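Below, each chain spelled out in residue letters.
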Amino acid sequence: MTSIDKDFEALTLTLVADFDASTDKVWELWADPRKLERWWGPPTHPATMVDHDLTPGGRVFYYMTGPEGEKFHGLWQFLAVDPPKSLEFVDSFANADGEIDDVLPPYIAHVELTASDGGTRMELRASFDTREQMDQLLGIQMDVGMQQAMSQIDALLAG
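To start, this report covers the structure provided alongside it. Every residue gets a number counted from 1 within its own chain, in the order that chain's sequence is written. pLDDT decides what is reported in this predicted model: residues at 70 or higher carry local features, side-chain atom pairs at 80 or more are listed and counted, and totals for whole chains, interfaces and linings draw on all residues regardless. Side-chain numbers here rest on the full set of heavy atoms in the structure, without hydrogens or water.

The aromatic pairing rule takes the rings of Phe, Tyr and Trp, using the six-membered ring of Trp, and pairs them if the centres are within 6.5 Å, calling planes under 30 degrees apart stacked, those over 60 edge-to-face and the rest tilted. Evaluated as defined, the whole model comprises eleven aromatic pairs. Their ring planes at 85 degrees and their centres at 5.0 Å tell us that tryptophan 30 and tryptophan 39 sit as a pair that is edge-to-face. Given the relative accessible area of 0%, tryptophan 39 is considered buried. Through successive ring pairs, a cluster of aromatic residues spans Trp30, Trp39, Trp40, Tyr62, Trp76, Phe78 and Phe89. Residue burial is assigned from relative accessible area. The probe radius is 1.4 Å, only protein chains are included, and a residue is buried under 20% of its type maximum, exposed over 50%, and partly exposed in between.

Dropping the structure here:
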């Protein structure tokens, strides 16, 4: 993890991480659902990808399983996909049927992969519509969970 920035004026949360791997190899962590399962979500809440369609208009439906066996569902709806450089999606909470659950607000996630010092820099920026929405998601420690998730990538790339 290189940096994490909460910009309350711009309503963004930005995480930056540098990896000792090619952009193509880092892209595979998003493109391959089995690899995505191994890092998306904090270590205490492993992810299971149910549907994975990494195309514009496609979606990813998944759930994370908590320490007590509870399931937390999520849904990504892709706005743009430009392999192996970037992707943008609406990240929403979902119910067990894969439908959007508005219990917490959605946000727009933008992922940018760039070659950097012989490796790859990944920037993940979450954009919120309002300060209230940003505060709600930070209140459930979204920033901590994302940081923990991204901290699992080095080991995955090395193995």
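Structure shown, so let's carry the discussion forward.
Of all residues except glycine, most have a negative phi; of all peptide bonds, most are trans. Put simply, proline 83 and proline 84 share a cis peptide bond, and its omega is -10 degrees. Structurally, proline 84 is set in the loop between β5 (71-82) and β6 (86-94). At glutamine 141, a residue that is not glycine, the phi angle is positive and equals roughly 65 degrees. Its place among the elements puts glutamine 141 in the loop between α3 (131-139) and α4 (142-150). Helix and strand assignments follow DSSP, with helices taken as H or I runs no shorter than four residues and strands as E runs no shorter than two, numbered in order from the N terminus.

Okay, the pairing of strand β8 (residues 119-127) next. In short, DSSP must find at least two bridges between two strands for them to pair. As defined by bridge partners, strand β2 (residues 12-19) adjoins β8 across eight bridges and the pair is classed as antiparallel. Note on β8: the bridge partner recorded for threonine 14 is arginine 125. Relative to β8, strand β7 (residues 107-116) runs antiparallel, the two sharing nine bridges. Looking at β8, one finds that leucine 113 is bridged to methionine 122. The hairpin formed by β7 and β8 contains two residues between the paired strands, and aspartate 117 there has a positive phi angle of roughly 50 degrees.

Overall, antiparallel pairing links the eight strands, which are arranged β1-β2-β8-β7-β6-β5-β4-β3 in an open sheet. In this open sheet, the two edge strands, each paired with only one partner strand, are β1 (3-7) and β3 (47-52). Ignoring strand direction, the axes of neighbouring strands in this sheet form an average angle of 20 degrees. Here helix α1 (residues 23-31) sits on the sheet and contacts β2, β3, β5, β6, β7 and β8; the angle it forms with β7, its principal contact strand, is near 155 degrees. A contact between two residues is defined here by any heavy atoms of the two lying within 4.5 Å. To get an axis, fit a line to the C-alpha atoms, keeping to the stretch in contact for a helix; angles then go from 0 to 180 degrees between the N-to-C directions. Packing of α4 onto the sheet brings it into contact with β1, β2, β7 and β8, and relative to β2 it is tilted by some 15 degrees.

Residues three or four positions apart in an α-helix share a direction because the helix packs 3.6 residues into each turn. Three or more residues of α4 are buried, namely Met142, Asp143, Gly145, Met146, Ala149 and Met150. Looking straight down α4, one finds that the buried residues subtend no more than 165 degrees of arc, so they occupy a single side. Against β1, β2, β7, β8, α3 and α5 (153-158) lie the buried residues of α4. Of all possible arcs, the one meant is that of the directions from the helix axis to the C-beta atoms.

Between Lys or Arg on one side and Asp or Glu on the other, a salt bridge is scored when a side-chain nitrogen of the former is within 4 Å of a carboxyl oxygen of the latter. The tally for this structure, following the rule as stated, stands at six salt bridges. Residues aspartate 143 and lysine 6 are paired through a salt bridge, measuring 2.9 Å at the closest nitrogen-oxygen approach. Of this pair, aspartate 143 sits in helix α4 while lysine 6 sits in strand β1; the two residues are 137 residues apart in sequence, bridging distant segments of the chain. Note on lysine 6: relative accessible area 39%, which makes it partly exposed. A salt bridge links arginine 34 to glutamate 37; its shortest N-O distance comes to 2.9 Å. With arginine 34 and glutamate 37 both in helix α2 (residues 33-37), this residue pair falls three residues apart, about one helical turn.

What follows deals with the environment of glutamate 28. Examined against the element boundaries, glutamate 28 turns out to sit in helix α1. For the pair glutamate 28 and phenylalanine 61, spaced 33 residues apart in sequence, the C-alpha separation works out to 18 Å.

For the rest of this paragraph, the subject is α3. Listed in full, the buried residues belonging to α3 are Gln133, Met134, Leu137 and Leu138. End-on view of α3: buried residues confined to an arc of 130 degrees, all on one side of the axis. For α3, the exposed residues set more than 90 degrees away from the buried face come down to Glu132 and Gly139. Those residues of α3 that are buried are in contact with β1, β2, β6, β7 and α4. Glutamine 141, located one to two residues past α3, shows a positive phi value of around 65 degrees.

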